[in-house]
Amino acid sequence: MASYTDDVLVPVQTGWSPHRNYFRVYRLSPYATQSEVDGALDGQPARWGTAESRQYAVACERLHASHATAAAVLRDPVSRARHRESVEHEHEVLAEVVRHRLHGALAMTTQEVAALVRSAADRWSRPDVLAALEAVGAAVREPVALPQPVPPKRWPTLREHLADLSQISLWEYLSLTPELSGVDTTAAEVELRRQRLRVVARNQAADAERGVLALVRPWTAEPGGLAAVLAYELMTDLVAAAVCGYPAVREVAEPQRCAAAGLTADPEDIAYAAWVSRDETSWAEPYFTALAEHRLPAALAALDSRPLPEPWIRVRDGLRAKTDRLRVALTDARAAEAHAPEEAAAGYLAISRELVDPAVTEGLLRCPAAAPATVDAAVAGTEVVVTWSPSPSTAGRIGYRVCRDTTVLAEETTAPPFVDREAPVGRPLVYRVTTLREGSAGATTAAQAIAVLPEVTDLRLTTEPGVVLGRWRLPAGAVRAVVLRAGAEIAATETGFTDAGVRPGATVTYLVLVEYPEGRSQGIEVAVVCLGEPEMVTDLHAVANGDVVDLSWTLAAGDEVGIRVLTRPEAAPAGVVRLDQAEPVGPLVATSRTGRARVAAADLAGARTLVPVTTSGAFAAIGRPAHVRIPPEHVTGLQAVRLGAGVQLSWHWPAWSRAVQVVWRHGTPPTGPDDPAAHRLRVTRTAYLTRGLRVTAAEPGEHWFGVCTADDDQFGPLATVECPCPVQLRYHLRGRARTREVLVECAAPLPDVVVLAQSARRPLTPDDGVVLATLPGGQHTSRAEFTVPATLRGPVHLRAFALDDSTWVCHPDPRDLVVR
């Protein structure tokens, strides 16, 4: 029953006519006997009413309806013979069709069989096609899956180079070229081949091969890179060979080439799979291209251009339904344009996201975006700020185009404001704002005409006694500058003006405008106080008060009074001078407008004379100097360090002091800086900082040292410090070789003395070396003999040490202390 269902019931159910082949319907051989025919005609109808055939009710009804005609044809030998000839002819025609479809292939896919049945409009059924395949030695077979490699970079360039080499494929080049190993070619082999080509004369073939190697080298560096390129080339050649029939495809699918491309399937299966996919490439690419570009009618036409397998039929039907839906939406949007243009625009935009159609573009042009309600343009210096209200349109991407007259300033901006930084000067300007919908221009609103009239720049007003001076820079495009004082115009040049009719001390207001061919600017208003001649200060009082100096004077006419330290008396002429002539007087230490000032005494740097300078604009009046008596400061941190017969003195200088008086005396402290019984020395600050200070004080006993400031022959308080000189002990060495005698002398009773020796260096402390002699104390002189041991290698250094720290040892010449 299963065989009968597949061969008869299913084809009849789907539209195949039973009158085409009564032999198949009644399961008869075309050369059956009369008794076999009668038995089939009597027994076969009973199968059409069984439970297994209920799901094929339509087929069974058709078979019952054709039974009478079939019986008449099959029971009549002549009619049966004519029917047999018709069936055999159909088989022959179908076999030829199948042979043509195979084009040398050994099989057809299930989808191809179904497509052949549909394309014949049910002239043959699926069993007929299977029988025809068997008759021509073919069968039904499904293809294996093939990879879809990505095209390598610069693939067209590689094909051009191979064509210049007379090579059919990259596989052939890699397999047949010396030094290369097919798919296993390495970067080292490519480099070796390139080195070989360097000695070849330059020609088209050599240049082409160098180009091939340059492209192959990066592929060899990637794992599997060369195999992927060969796989793409193989798939491309297989599809191209399908034009010449299946044998040509099978010839391309060489086993070694398939293995090099990484394909593990049987070459026969690979060739068959490429053969089956040949038709799909002819329509699938245009379909997918049109679908990606939203050209739905073109995509639908690509699907309607040929018979489709079952999955693609559903795709085509879905695409047709989508196209019909969008056509209806287009009609609705067209109808809404008259009463709801914004709604129509939203509809067109929604359609444009799915469909590319000229009707959508035309519809959007018929629904332009509304213009902004207001547009304003305002001048800000040399710039123009353009603002506008949002457009009431909301459908789609709304933007704005800003134009100045006919010049487009902003092709598309989303929101105000827009600043025109290059606005022309001195002529009327009209700014327009156009609403854009998805980049398409809509309605436009214009602002009132304005003109950019910049003011002068770098405006500066200065005054002199009774004179006001103005300076500026005119902007480009200006005719001239106009200066008004109290409504009256003041003569001005291109760069400024001079107003000499101003009363000193008066406040004057000027209005500076710029005149253009189209009018005048609004102007800049500026006020200035005209200065008079400054007055001299004749009663400057300076009183020292601790660390500061208080200054006072009677207020004088002028801007302010500056107090300067007099350093160059010849540069301080009394009277009114230019301001730059007052600066050489000395450094400025204070300024005031109140008649009082306070200066730190340290800022005067020891100076005693101060000069008041009254300023008024570019002029100054140098007043009478004043002298200040600053109590002398005392030095701090006085220290005395004994260094043999000398004493190193150090102290901290006062901030303003430039010299000190140094005094020292033996036995008692000095009575003052000018003590006649003391030693005196004047030391400048520069000399002290350069060399320091060391004085000689070798007499045993107390020594007193004093230091005080000494500026302008005025001494400050005397700081003193004591530094005693210890008892001096002297010793001498006599003798030759290693036998020596030491003689020790001292003005006071001697302390205990030791003589030490040390190889290669001199002893530094009383226990640093070998004791050669010990001299007991108590006398004013002492003598001892000693021998330098032979165990001490020369040169041997000798040295005597007093065992009393209060005694100062005076050593002889260092050369007398060395034993060779």
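Residues numbered from 1 in each chain as written. Predicted model: local features only at pLDDT ≥ 70, side-chain atom pairs only at ≥ 80, totals over all residues. Heavy atoms only, no water.

1. Points about the nonpolar core
Side chains of a nonpolar character, in soluble globular proteins, are inclined to be buried together. Val98, Val129, Leu133, Leu238 and Val249 are the most contacted members of the largest nonpolar core, which totals 34 residues. Taken together, the elements giving at least two residues each to this core come down to helix H5 (77-102), strand E1 (107-108), helix H6 (110-119), helix H7 (126-135), helix H12 (225-241), helix H13 (246-252) and helix H15 (267-276). No other element matches H15, which puts six residues into this core. With residues up to four places along the chain from it excluded, the contact list for Val249 reads Leu238, Ala241, Ala242, Ala271, Ala274 and Trp275. (Core = buried A, V, L, I, M, F, W, Y, C linked by side-chain atoms within 4.5 Å. Buried < 20%, exposed > 50% of the residue type's maximum accessible area, 1.4 Å probe, protein only. Helix = DSSP H or I, 4+ residues; strand = E, 2+ residues; numbered from the N terminus. Contact = heavy atoms within 4.5 Å.)

2. Details of the sheet that holds strand E16 (residues 496-499)
Within the open sheet, the three strands sit side by side as E12-E13-E16. Their pairing is antiparallel. What marks the edges here is a single partner per strand, and that holds for strand E12 (457-464) and E16. Neighbouring strand axes in the sheet, compared pairwise and without regard to direction, differ in orientation by 10 degrees on average. Sheet topology note: the E12/strand E13 (residues 467-473) ladder contains six bridges and is antiparallel. Residue Thr457 lies in a different strand from E13, and its bridge partner there is Arg473. (Pairing = 2+ DSSP bridges. Axes fitted to C-alpha atoms, helices over the stretch in contact; angles between N-to-C directions.)

3. Observations regarding the sheet that holds strand E29 (residues 636-643)
Overall, antiparallel pairing links the three strands, which are arranged E29-E30-E33 in an open sheet. Since the sheet does not close on itself, it has two edges, and those belong to E29 and strand E33 (693-696), each with one partner. Neighbour-to-neighbour, the strand axes of this sheet turn through a mean angle of 25 degrees, independent of strand direction.

4. Structural notes on the environment of Leu365
Note that Leu365 resides in helix H20 (residues 358-365). For Leu365, a relative accessible area of 57% translates into the label exposed. Remark: the alpha-carbon pair of Leu365 and Arg437, spanning 72 residues in sequence, is separated by 9.6 Å.

5. Section: the side chain of Thr445
Relative to the elements of secondary structure, Thr445 occurs in strand E10 (residues 440-446). With residues near it in sequence (within four places) discarded, Thr445 still touches Ala371, Pro372, Ala373, Thr374, Val375, Tyr431, Arg432 and Val433.

6. Points about the packing of aromatic side chains
For the coordinates displayed, the defined rule picks out seven aromatic pairs. Each ring, one from Trp388 and one from Tyr400, has its centre 5.6 Å from the other, and the planes form 55 degrees; the classification is tilted. You can see Trp388 sitting in strand E4 (residues 383-388) and its partner Tyr400 sitting in strand E5 (residues 398-404), a full twelve residues away along the chain. For Tyr400, a relative accessible area of 5% corresponds to the buried category. Among the aromatic residues, ring-to-ring pairing joins Trp472, Phe497 and Tyr510 into one connected group. It is Arg141 that lies over the ring of Tyr272; its NZ or CZ is 5.1 Å from the centre. (Phe/Tyr/Trp six-rings, centres within 6.5 Å; stacked < 30°, edge-to-face > 60°. Lys NZ or Arg CZ within 6 Å of the ring centre and 35° of its normal.)

7. Here we look at the pattern of salt bridges
All told, the structure shown has 38 salt bridges when counted by the stated rule. Between Arg193 and Glu179 there is a salt bridge, and its shortest N-O distance comes to 3.1 Å. Placement of Arg193 in helix H10 (residues 187-198) and of Glu179 in the loop between helix H9 (170-176) and H10 is noted, with a sequence separation of 14 residues between them. The partly exposed category is assigned to Glu179, whose relative accessible area is 24%. Residues participating in the shared-partner salt-bridge network are Arg159, Glu233, Asp237 and Arg257. (Salt bridge = Lys/Arg side-chain N within 4 Å of Asp/Glu carboxyl O.)

8. Brief notes about helix H3 (residues 34-43)
Along H3, the residues that are buried comprise Val37, Ala40 and Leu41. Seen end-on, H3 carries its buried residues on one side only, within an arc spanning 95 degrees. The exposed residues of H3 that point more than 90 degrees off its buried face are Ser35 and Asp42. If you follow the buried residues of H3, they end up packed against helix H4 (57-75) and H5. (Arc of directions from axis to C-beta.)

9. Here we look at helix H19 (residues 341-352)
Its twelve residues give H19 an end-to-end C-alpha distance of 16 Å, which sits within 8% of 16 Å, the value for a rise of 1.5 Å per residue. Restricting attention to buried positions, one finds in H19 the residues Ala344, Ala345, Tyr348, Leu349 and Ile351. Down the axis of H19, the buried side of the element spans an arc of 160 degrees, and every buried residue falls inside it. (Expected span 1.5 Å × (residues − 1).)

10. Examining the packing of H4 against H5
Running from N to C, H4 and H5 point in directions that differ by 100 degrees, and their axes come no closer than 5 Å. In terms of their interaxial angle, H4 and H5 are classed as roughly perpendicular. Residues Val73, Leu74 and Arg75 of H4 form the contact with H5, whose participating residues are Pro77, Ser79, Arg80 and His83. Residue composition of the contact of H4 with H5, by class: three nonpolar, two polar and two charged. (Parallel < 35°, antiparallel > 145°, perpendicular 65-115°, else oblique. Nonpolar A, V, L, I, M, F, W, Y, C, P; charged D, E, K, R; others polar.)

11. Things to note about the packing of helix H8 (residues 155-164) against H12
Two elements in contact, H8 and H12, have axes separated by 13 Å at closest approach and are oriented at 75 degrees. Classed by the angle they form, the pair H8 and H12 counts as roughly perpendicular. Listed contacts from H12 to Trp155, Arg159 and Leu162 of H8 are Val229, Tyr232, Glu233 and Asp237. Of the residues belonging to the contact of H8 with H12, the class tally is four nonpolar, no polar and three charged.

12. So, the environment of Ala299
Mapped onto the elements, Ala299 comes out in helix H17 (residues 296-304). On a C-alpha basis, the gap between Ala299 and Ala329 in space is 19 Å, while along the polypeptide they are 30 residues apart. Beyond its immediate chain neighbours, meaning those up to four positions away, Ala299 contacts Tyr287, Ala290, Leu291 and Leu319.

13. What about unusual backbone geometry?
Cis rather than trans, the peptide bond between Pro416 and Pro417 has omega equal to 0 degrees. Position of Pro417 among the secondary structure elements: in the loop between strand E6 (407-413) and strand E7 (418-420). Gly794 connects to Pro795 through a cis peptide bond whose omega is -5 degrees. Within the secondary structure, Pro795 is located in the loop between strand E41 (781-787) and strand E42 (796-802). One non-glycine residue, Arg27, adopts positive backbone phi at about 55 degrees. As for its placement among the helices and strands, Arg27 is situated in the loop between helix H2 (22-25) and H3.

So, to be careful, I would describe these as geometric facts and stop short of saying anything about function.
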